[in-house]
Amino acid sequence: MKNPPPLGEGEVEAEKPPAVTMRRITKRFPGVLANDGIDFEVLRGEIHALLGENGAGKSTLSNILTGLYRPDEGEILLHGKPVIFRAPRDAIEAGIGMVHQHFRLAASFTVAENLVLGHRDAADRGLLLEPRVVEGRIADLSRRYRMPVNPRARIWQLSVGEQQRVEILKVLYRGARILILDEPTSQLTPQEADELFQTLRLMTAEQRTVIFISHKLEEVMAVSNRVTVLRRGKVIGTVKTENTNTRELARMMVGREVVFTQKKEGPAQAERQLALELRQVSANGDLGTPTLHDIDLQVHAGEIVGIAGVAGNGQRELAEVVTGMRRRTGGSVMVMGRLTRGGDPLEAIRRGVAYVPDDRLGTGVAPSLSIAENLVLKAFRRAPISTQGVLHPGRIRANAVELMQRFNIGASSPLVPARQLSGGNIQKVLLARELSSRPRLLVASSPTSGLDVGATDTVRGLLLEAAGRGVGILLISEDLDEILALADRIAVLYNGRIRGVVERQNAHVEELGLMMAGAA
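Remember, it's a predicted structure, so these values are computed and weren't measured experimentally.

Caption draft 1: Structural detail: the confidence of the model for the chain. Averaged over all residues, the pLDDT of the chain is 87; the fraction at 70 or higher stands at 92%. In the predicted structure, residues 1-10 sits below a pLDDT of 50 and forms 30 contacts with residues beyond four places in sequence or in another chain.

Caption draft 2: Quick peek at the sheet that holds strand 12 (residues 290-300). With antiparallel pairing, the four strands of this open sheet are ordered in space as 12-11-14-15. Two strands in the sheet have a free side with no partner beyond their single neighbour: strand 12 and strand 15 (338-339). In this sheet, strand 15 lies alongside strand 14 (residues 330-335) in antiparallel orientation, the contact comprising two bridges. Within strand 15, the position partnered with Val-335 by the bridge is Arg-338.

Caption draft 3: Geometry of the domain arrangement of the chain. With domains assigned, the chain is organised as domain 1 (16-88 + 178-258), domain 2 (103-176) and domain 3 (274-517). Here domain 1 and domain 2 have C-alpha centroids that lie 26 Å from each other. The interface is formed by 14 residues belonging to domain 1 together with 13 residues belonging to domain 2. Summed over both partners, the interface of domain 1 with domain 2 comes to about 1,200 Å²; 55% of that surface belongs to carbon and sulfur atoms. Among the residues domain 1 hides against domain 2, the three largest losses belong to Gln-187, Leu-202 and Arg-208. Together they make up 34% of the total.

Caption draft 4: Quick peek at the pairing of strand 12. Of the strand pairs in this sheet, strand 11 (residues 274-284) and strand 12 are connected by seven bridges, and their pairing is antiparallel. Bridge pairing links Leu-276 to Val-299 in strand 12. Remark: five residues form the turn of the hairpin made by strand 11 and strand 12, two consecutive strands paired antiparallel; Gly-288 in that turn has positive phi of roughly 85°.

Thresholds, definitions, all that
- Residues numbered from 1 in each chain as written.
- Predicted model: local features only at pLDDT ≥ 70, side-chain atom pairs only at ≥ 80, totals over all residues.
- Heavy atoms only, no water.
- pLDDT = per-residue confidence, 0-100.
- Contact = heavy atoms within 4.5 Å.
- Pairing = 2+ DSSP bridges.
- Helix = DSSP H or I, 4+ residues; strand = E, 2+ residues; numbered from the N terminus.
- Domains from an automatic or database assignment.
- Buried area = accessible area lost by both parts, 1.4 Å probe.

The structure is reproduced here in structure tokens:
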């Protein structure tokens, strides 16, 4: 991704009071000290990145600044003046707006209706509800910040990138001078991310302030002026972006050196057997309408094939067809050269198909069962876990102890319920269960989504190790950087169709981005 260079430090008004000052912010929840005496300062006209692992305190700090939580201790100053937020409306009226990772828009409403929805001025002054007045203001903001959008379009008619523009326009419409963006590029194509960065620069040129929450270190290096790193509820440090690098930021986040995994070379393709072959595969979505259209795809043993695409273009349906969780309406699926009936997960398991779904708690694990029980969900029907239908608790526990050690699952006991684990440890449980079944094919859907940099590196390493042992891997991810780092070949899925397949060494971010948007 060709990101613009960082803003120069001279463009930040350091001589004026900071736009945001948070002093000694402390917030406790039962059994958790979420924010521990945090000092956080953001200057006017800067893009300030906020980094940290899951549970580091980023969300709590953002919720305090937006009035959702009240701190137990500490104070907040805006432009040098103390403020107290008793509710989110107080923060909005003070000029703070947040764009959440998962958009909060009414899908059946128009763009204009979403912008005035719940807006106090719109309720107090009927003039603002005049469609021409509202649409005129939206048009002005769109031109000013280069975010074209049709005010009369309904949200469900817009692309993900356009919906994000609406979210940003909504906070600008309400007069926000301080914007908090939570993982703003997680659902965007590279081109849409570049456009977002340009918009943020236009905002900071007007001395607006942006707090940029992201786990993508390369983006943080490209777009921010300064970076504050949180770990376990405390500030580890604030650094100028121009004086640091991704490795140093990762070390600050996790408290140790992080070795960024590189792709291992696999055997020549001619020497590998086909682990998966899809021929003209079609399938319906949950509403019974066609979602996948004539998919042709191959995955060789020891090969990682990445499926790139913006969310909602058939990724989940593709994974479920391959793993037998969804019936296909046409075409054939072959695993290790054998045709599968489809619509039968048990058949897929017996053929050696393993699955790491994107919905970890809903589909991947049984949240109320223990780690030990979750680790045998695919093995409890056979020896040594059971004999003639009788489970052996001792063997289940021993299996869990061995896998917890091998996959470095952080928990005090194999009896801990899965719901009490962090996202990274839940993913390790999933990978331990699936990889210990000695699969021939692994379907991994968004395997590092929502994980911190340390857990991400661990999960990616496990995928590479599996490929090195000859497991064919179908990697479905919305993180293009992840696909470029791990995959041997990359297929782009758009509107339920494969737009193209390229070798990694020949892949260009711009070309992939165009295919992801359906423009190539």
